[in-house]
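# Architecture at a glance
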Amino acid sequence: MINSVCQIVKFLPEKIQKYVSRNVWFISSPDDAWAFTFRGSDIANRHLIVISDELLKQNEQQIRYTILHEIGHVMLGHENSIGRVQTQAEIKRQEVAADAFAKKHLNF
Ligand SMILES: [Zn+2]
């Protein structure tokens, strides 16, 4: 898992690399969901991106896209539904923005 993450992060712009390496923890999980992200205020001002074993069985492109999408949530300062109700519209807006971030950084 850590190899996949490093392969992706090392090609991101330096500013993002620095932020991610200082503020984001990646952990693996046997959960079914491919990946999800906790925001900084949930855990001591660090972000946590959980990468599932299931995701790592997908093809390289899918793994890269999903990890970039999750990094996008972090870099774009997105909220999550923990301790706060989000509207479907807000969730949708964040997902679209994280997808756009992933697409932007996919082709290095
Ligand atoms: Zn998302």
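Residues numbered from 1 in each chain as written. Predicted model: local features only at pLDDT ≥ 70, side-chain atom pairs only at ≥ 80, totals over all residues.

### Describing the overall build of the protein
Looking only at helices and strands, the protein has four helices and three strands in total. Counting helices and strands in the order they occur from the N terminus, the protein gives α-α-β-β-β-α-α. For 108 residues, the compact-globule estimate of 2.2 N^0.38 gives 13 Å, and the protein sits close to it at 13 Å. The dimensions of the protein, computed from C-alpha atoms along their principal axes, are 35 × 30 × 25 Å. Here the protein, with 108 residues, has 21% of them falling under the buried criterion. (Helix = DSSP H or I, 4+ residues; strand = E, 2+ residues; numbered from the N terminus. Rg over C-alpha atoms; globule rule 2.2 N^0.38 Å. Buried ≥ 20, exposed ≤ 12 C-beta atoms within 10 Å, placed from the backbone.)

### Quick look at the pairing of strand S3 (residues 47-52)
What you see with S3 is a clean split: His47, Ile49 and Ile51 sit on the buried side and Leu48, Val50 and Ser52 on the side with no burial. Of the strand pairs in this sheet, strand S1 (residues 24-29) and S3 are connected by six bridges, and their pairing is parallel. Each bridged residue has a counterpart across the sheet, and for phenylalanine 26 the counterpart in S3 is isoleucine 49. Pairing of strand S2 (residues 35-38) with S3, which is carried by four bridges, proceeds in the antiparallel orientation. Bridge pairing in S3 places threonine 37 opposite isoleucine 49. (Pairing = 2+ DSSP bridges.)

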